[in-house]
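Residue-level structural notes
One-letter residues, chain by chain:
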Amino acid sequence: MAAPRTLYEKIWDAHVVDRRDDGTCLVYIDRHLVHEVTSPQAFEGLRAAGRKVRRPDLTLAVPDHNVPTTPRMRGSNGGPLLVEDVDSAAQLAALEANVADFAIPYFDATAPEQGIVHVVGPEQGFTLPGTTVVCGDSHTAAHGALGALAFGIGTSEVEHVLATQTLLLKPSRTLEVRVEGSLGFGVSPKDLILAIIGRLGTAGGTGHVIEYRGSTFAEMSIEGRLTVANMSIEAGARSGLFAPDEKTFAYLQGRPMSPKGPDWDRAVERWRTLVTDEGASFDRSLRLDASEIAPNVTWGTSPEDVVPITGAVPDPDQFADEGKREAARRSLAYMGLSAGQRMEEVAVEHVFIGSCTNSRIEDLRAAAAVLQGRRRSAAIKQALVVPGSGLVKRQAEAEGLDRIFMEAGFEWREPGCSMCLAMNPDKVPPQERCASTSNRNFVGRQGPGARTHLLSPAMAAAAAVTGRLTDVRELVS
Ligand SMILES: CC(C)[C@H](C(=O)O)[C@@H](O)C(=O)O
Ligand code: SF4
C-alpha cells in the first residue's frame, strides 16, 4: 500500500511535472490571479520576448490595490478610469491594456464582480479544491481555505506562469496547526489566527505549509477559514490549507466558474480524497484549545505582537533576547504607547473594516450586529466599511447592512484594498491610530506615521462605538 500522505503532499505530487536532482520541481499551475501592482513588468517581459500568455483561460485579472473606493468614473467614450494619482492611473491603465492585448478574462473597476483578488477568486469559483493557485501577492494563501495549494509569487514568477503555466519550486515542510473546541462568545476566526501568529511568531512558519486541523476549523464557516488561511503568510508560512469538506462543496456549488452538472459530481468525488491520510506525519505541530482564545488586538508593528484585549502593552525589558527587546522599544515609540498601558485604554481616531482578511459578508454581518442601534463615538474622525467585492456589497445592501453602517456613522465604500495599505486615497494620517480588520500593522502600512491595531470586525465596530480599543464581549453582553 502507498505510504500515507498529507493533504499538501497529495496536491504537490499531483502537480509535479519534472523533478531535478537538487529537489527543485517544475510544478503545474491551475489558476493564476493577476492584479495591477505586480503584473506590468511581467507583461512587458512577455512582449519583449514575443511570447503569448499560455493559458488565458486559467488566468483572471482584477484591479484592487490602487482603485479609489469612492464612486468610479471613466473619461468620455469609455476612456480610462478617472484616478487622480498619476502612478495609480498608469498602473490601472497598463492592466487594462495588458488584459486586452493578451485576451485575459478581466473584471474591470466598474464591473459588479470587481473586488479584492482574494475575495473574487473564491467567490467566483475560480479557486477550487486540489488546484494550485498563484498570484503576485503575498496573501494568496487565503485560497487555501478551499483546499487549494495557493501562494504568492514575485513579478518574475508572474511572467513565468503567464508564459508557461508552470513554476520552479522547492517542496515545503509541513506544519500542523490543530485547534479543538468551540470559540467563545465574541471570539472570531480573526482572533484565533492572531493567537496562532502570536504563538508561532512571524518566522515560525518559514519554509512550511500549514494545515489547519481539528474541530474548531471543522465548525468554522468558509468565510472564517478564508480569514485564517489569509494570514498564514504573517506566520511566515508559504501557504495555509484546509481539507475540503461538505461546507466547501456547499460554498462552491453554483458559483459562476465552478464545475456544473456531471462535472460537478465528478469533481466532488475527487475532492473527497483531498484529506491527510491516517498515519501521515507532519514535520511540526502546534496545538491550541479554542476555549483559551480571547478577542485579540496587536500592540506593535508586527502581526506577532498580539495580546488579549483584556491585557496590557508588554514591557520590552521582559522579552528574552536583545533583538526582540530592541524591536519592542522601537515599536512602542512608533505606536506612541508605553509599557503596562491597558489595551482597553488606547484611544483610536480611525476604524477600517475591510481588506482580503475581513471584508466578506460574514465579516460585515458581525460588525453590523455590534453597530445596530449604536453610533460611532464623536472621537472617531473616520470610519470606513469597504466590502471585499461588488457581490459582497450588493448582498450586504440586500440585507440592509449598509443602512446600519451609515446610521452608525460609517462610510459605505466601493470594493478594493483601501486603507489596508496606503496605495490609494484611503490613508490614516501621521501619528493617528486605526482599529483595522486588515492583516498587517507594519510601520507606514496605512500611511506614513500611521498606527495600526489589528483586530476582528466585531472588535473594530466596538472600537468605533467607544472611541478606544474595547472588549466587544462587554459592549454587547
Ligand atoms: C502590493 C502587493 C504586492 C502586496 C502583497 O504582496 O501582499 C499587498 O497586497 C500587501 O498586502 O502588502
Ligand atoms: S487587501 Fe491588503 S492584504 Fe489584501 S491584497 Fe489588498 S493590500 Fe494586500
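Quick caveat: nothing in here was measured; it's all calculated off a predicted structure.

The subject of this paragraph is the nonpolar core. Inside soluble globular proteins, nonpolar side chains tend to come together where they are buried. Formed by 139 residues in total, the largest nonpolar core has its most connected members in Val-351, Ala-367, Met-459, Ala-460, Ala-461 and Ala-463. Of the residues forming this core, the biggest block, 8 residues, is contributed by helix H15 (residues 457–466). If near-sequence neighbours (up to four positions away) are discounted, Ala-461 is found in contact with Ala-367, Val-370 and Leu-371.

In this section: the site of ligand 2. Around ligand 2, 13 residues are found, and the nearest of them are Ser-355, Cys-356, Cys-417, Cys-420 and Leu-421. Residue composition of the shell around ligand 2, by class: 5 nonpolar, 6 polar and 2 charged. Taken domain by domain, the makeup of the shell around ligand 2 includes at least three residues from each of domain 1 (7–169) and domain 3 (298–474).

Our next topic: the environment of Ser-221. As for its position among the elements, Ser-221 is in the loop between helix H7 (215–219) and helix H8 (222–230). Sequence separation between Ser-221 and Thr-248 is 27 residues; the distance between their C-alpha atoms is 8.7 Å. Those residues in contact with Ser-221 that sit more than four places away from it in its chain are Lys-247 and Glu-362.

Take the pairing of strand S17 (residues 433–436) next. Alternating positions in S17 separate into two faces, Arg-433 and Ala-435 on one and Cys-434 and Ser-436 on the other, with burial throughout. Of the strand pairs in this sheet, strand S14 (residues 350–353) and S17 are connected by 3 bridges, and their pairing is parallel. Its bridge partner lying in S17, Phe-352 is registered against Ser-436. Judged from the 4 bridges that link them, S17 and strand S18 (residues 451–454) form a sheet pairing that is parallel. From the neighbouring strand, Ser-436 faces S18, where its bridge partner is Leu-454.

Splitting the chain by domain gives domain 1 (7–169), domain 2 (173–247 + 269–292) and domain 3 (298–474). Broken down by secondary-structure element, the contributors of at least two residues to the side of domain 1 that touches domain 2 are helix H1 (7–15), helix H4 (117–124) and strand S6 (149–152). With 4 residues, the single largest contributor to the side of domain 1 that touches domain 2 is S6. Residues of the side of domain 1 that touches domain 2, tallied by class, amount to 11 nonpolar, 7 polar and 1 charged.

Under the feature "binding site: [4Fe-4S] cluster" (unreviewed entry), the UniProt entry names Cys-356, Cys-417 and Cys-420. For the annotated residues, spread through 65 residues, the largest C-alpha to C-alpha distance comes to 8.7 Å, consistent with a single compact locus. Of note, Cys-356 is situated in the loop between S14 and helix H12 (361–371). Not counting chain neighbours up to four residues away, the residues in contact with Cys-356 comprise Ile-116, His-118, Val-119, His-139, Ala-142, Asn-230 and Gly-388. Here Cys-420 lies in the loop between strand S16 (411–412) and S17. Taking the C-beta count within 10 Å as the criterion, Cys-420 has 29 such neighbours and is therefore assigned buried. Setting aside chain neighbours within four positions, we find Cys-420 in contact with Gly-354, Ser-355 and Ser-438.

Here we come to the site of ligand 1. With respect to spatial proximity, the complete set of residues near ligand 1 consists of Val-37, Thr-38, His-65, Asp-137, Ser-138, His-139, Gly-152 and Leu-421. Of the residues assigned to the shell around ligand 1, the class counts are 2 nonpolar, 5 polar and 1 charged.

All right, on to the packing of helix H2 (residues 40–49) against helix H5 (residues 155–164) then. Where H2 meets H5, the closest approach of the two axes is 8 Å, and the angle between their N-to-C directions is 50°. On the basis of the axis angle, H2 is oblique to H5. Remark: the crossing between H2 and H5 carries right-handed chirality. Counting all contacts with H2, which are made through Gln-41, Ala-42, Gly-45 and Leu-46, the residues of H5 involved are Thr-155, Val-158, Glu-159, Leu-162 and Ala-163. Taken together, the residues of the contact of H2 with H5 sort by class into 5 nonpolar, 3 polar and 1 charged.

For Ala-103, which is not glycine, the phi torsion reads 55° and is therefore positive. Tracing the chain through its elements places Ala-103 in the loop between helix H3 (86–101) and H4. By C-beta crowding, Ala-103 is classed as exposed, having 12 other C-beta atoms within 10 Å.

A few words now on the packing of H12 against H15. As a packed pair, H12 and H15 sit with axes 8 Å apart at the nearest point and diverge in direction by 30°. Classed by the angle they form, the pair H12 and H15 counts as roughly parallel. Between H12 and H15 the crossing geometry is right-handed. Where H12 abuts H15, its residues Asp-363, Ala-366, Ala-367, Val-370 and Leu-371 lie against Pro-457, Ala-458, Ala-460, Ala-461 and Ala-462. Within the contact of H12 with H15, the residues separate by chemical class into 9 nonpolar, no polar and 1 charged.

Calculation criteria
Residues numbered from 1 in each chain as written. Chains lettered and ligands numbered in written order. Predicted model: local features only at pLDDT ≥ 70, side-chain atom pairs only at ≥ 80, totals over all residues. Core = buried A, V, L, I, M, F, W, Y, C linked by C-beta atoms within 7 Å. Buried ≥ 20, exposed ≤ 12 C-beta atoms within 10 Å, placed from the backbone. Helix = DSSP H or I, 4+ residues; strand = E, 2+ residues; numbered from the N terminus. Contact = placed C-beta atoms within 7 Å. Near = placed C-beta within 6 Å. Nonpolar A, V, L, I, M, F, W, Y, C, P; charged D, E, K, R; others polar. Domains from an automatic or database assignment. Pairing = 2+ DSSP bridges. UniProt positions renumbered as here; feature names shortened; annotations may be inferred. Axes fitted to C-alpha atoms, helices over the stretch in contact; angles between N-to-C directions. Parallel < 35°, antiparallel > 145°, perpendicular 65-115°, else oblique. Left-handed = near helix turned anticlockwise from the far one by under 90°.

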